[in-house]
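Each chain, written out:
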Amino acid sequence: MGNKQKNRGAHPDDERLFSAKFQPALTAACEELSYLLGRGYNSTSALKIVGDRHRLNQRQRHALGRVAVGASDVAHRHSRQLAVTDLQGQAMGIDGFNLLIGVESALSGGLLFRARDGVLRDIASIHGSYRRVEQTQIAIELIGKHLQAVGTGPVRWLLDQPVSNSGRLKTRLRELAEERGWDWSIDLVFNPDHVLAAEEQIVISSDGWVMDHSPHWVNWLGYLVEQAIPEARIVDFSGNLAETAEL
């Protein structure tokens, strides 16, 4: 995999865009957008209305779209959520790029956002091409080490086939699994979201659609950050007030 991008650290403007100065507007915007989404408003239209009202720029709106969740969707997702203690011996399906990029971001000082459903999400983008970064190897080993410690059953990674360099990542995941003795399979598919939702297995993903349509899911990124990446920079929108860590 090419390595022009060294890490998935914070965007140069994030220090300002998500600082305490903007927290009141972002908090209010999250509450308003969540309210509209909960009443069936189109997500794109609602985001524009709220973003315009609070004069948010494009990156702030992108984050807002990741953290706002209607109350009924929050309840629905929580009804399908399993605890990490429930995973022993269970088959797992991993939304590959979704998880890996989140862990890479946490390790490299990029911002993570705790959404209204309690799940951590990043706002990194791969723009159709995944590039290995300095934290990739550490991230994979961290994921594997903790899956092994929990004692899960077989793990199936699903990677987006159309994403450039997905084949190289598949090879690296397979090599590491063989070296460490992890029971992993890695598949390239055109739509991992639909494959994950259709199969009877516990899903690791922070994607809202996947969480909504899968039989069961687990907040694995949140667990990893809590257990192994205490330095992760988190902007919290899960409660009544948004709090910024280490900004």
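Just so we're clear, the structure is a prediction, and the values are computed from it rather than from any experiment. (Residues numbered from 1 in each chain as written. Predicted model: local features only at pLDDT ≥ 70, side-chain atom pairs only at ≥ 80, totals over all residues. Heavy atoms only, no water.)

Peer 1: How should I be thinking about the packing of aromatic side chains in this particular structure?
Peer 2: Aromatic rings in a pair are described by how distant their centres are and how their planes are angled relative to each other. Under the defined criterion, the tally for this structure stands at five aromatic pairs. Between the aromatic rings of Trp 157 and Trp 184, the centroid separation amounts to 5.3 Å while the plane-to-plane angle is 55°, which identifies the pairing as tilted. Of this pair, Trp 157 sits in strand β4 (residues 155-160) while Trp 184 sits in strand β5 (residues 184-189), placing them 27 residues apart in sequence. Using a relative accessible area of 0% as the deciding quantity, one classes Trp 157 as buried. Taken together, a centroid distance of 5.0 Å and an interplanar angle of 40° make the contact between Trp 220 and Tyr 223 tilted. Highlighted residues: Trp 220 and Tyr 223, both in helix α11 (residues 220-228), separated by three residues, approximately one helical turn. These aromatic residues form a ring-pair network of at least three members: Trp 157, Trp 182 and Trp 184. (Phe/Tyr/Trp six-rings, centres within 6.5 Å; stacked < 30°, edge-to-face > 60°. Helix = DSSP H or I, 4+ residues; strand = E, 2+ residues; numbered from the N terminus. Buried < 20%, exposed > 50% of the residue type's maximum accessible area, 1.4 Å probe, protein only.)

Peer 1: What is the right way to look at helix α7 (residues 136-150) in this model?
Peer 2: The periodicity of an α-helix, 3.6 residues per turn, causes residues three or four places apart in sequence to face the same way. Between its first and last C-alpha, α7 extends 21 Å over 15 residues, near the 21 Å set by a 1.5 Å rise per residue. Residues of α7 that are buried: Thr 136, Ala 139, Ile 140, Leu 142, Ile 143, Gly 144, His 146, Leu 147 and Val 150. Downstream of α7 by a residue or two, Gly 151 has a phi angle that is positive, lying close to 85°. (Expected span 1.5 Å × (residues − 1).)

Peer 1: In this structure, what is going on with the pairing of β5? I would like to understand it.
Peer 2: Successive residues of a regular strand alternate their side chains across the two faces of the sheet. As paired elements, β4 and β5 share six bridges and run parallel to each other. The residue bridging Trp 157 from the neighbouring strand is Ile 186, located in β5. In this view, the connection linking β4 to its parallel neighbour β5 by way of helix α8 (residues 166-180) has right-handed handedness. (Pairing = 2+ DSSP bridges. Right-handed = clockwise from strand over helix to strand, strands pointing away.)

Peer 1: How do you make sense of unusual backbone geometry when you look at a structure like this?
Peer 2: Leaving glycine out, the prevailing phi sign among residues is negative, and the prevailing peptide bond configuration is trans. In the Ramachandran plot, Arg 55 falls in the positive-phi region, its phi being about 55° despite a non-glycine side chain. Residue placement: Arg 55 occurs in the loop between α3 (43-53) and α4 (58-67). Even without a glycine there, the phi angle at Asn 165 is positive, about 75°. Among the structural elements, Asn 165 can be located in the loop between β4 and α8.

Peer 1: Any chance you could explain the side chain of Asn 98 here in plain terms?
Peer 2: As for its placement among the helices and strands, Asn 98 is situated in helix α6 (residues 96-107). Look at Asn 98 and you get buried, because its relative accessible area is 18%. Apart from the residues lying within four places of it in its own chain, the contact partners of Asn 98 are Asp 122, Ser 205, Ser 206 and Asp 207. (Contact = heavy atoms within 4.5 Å.)

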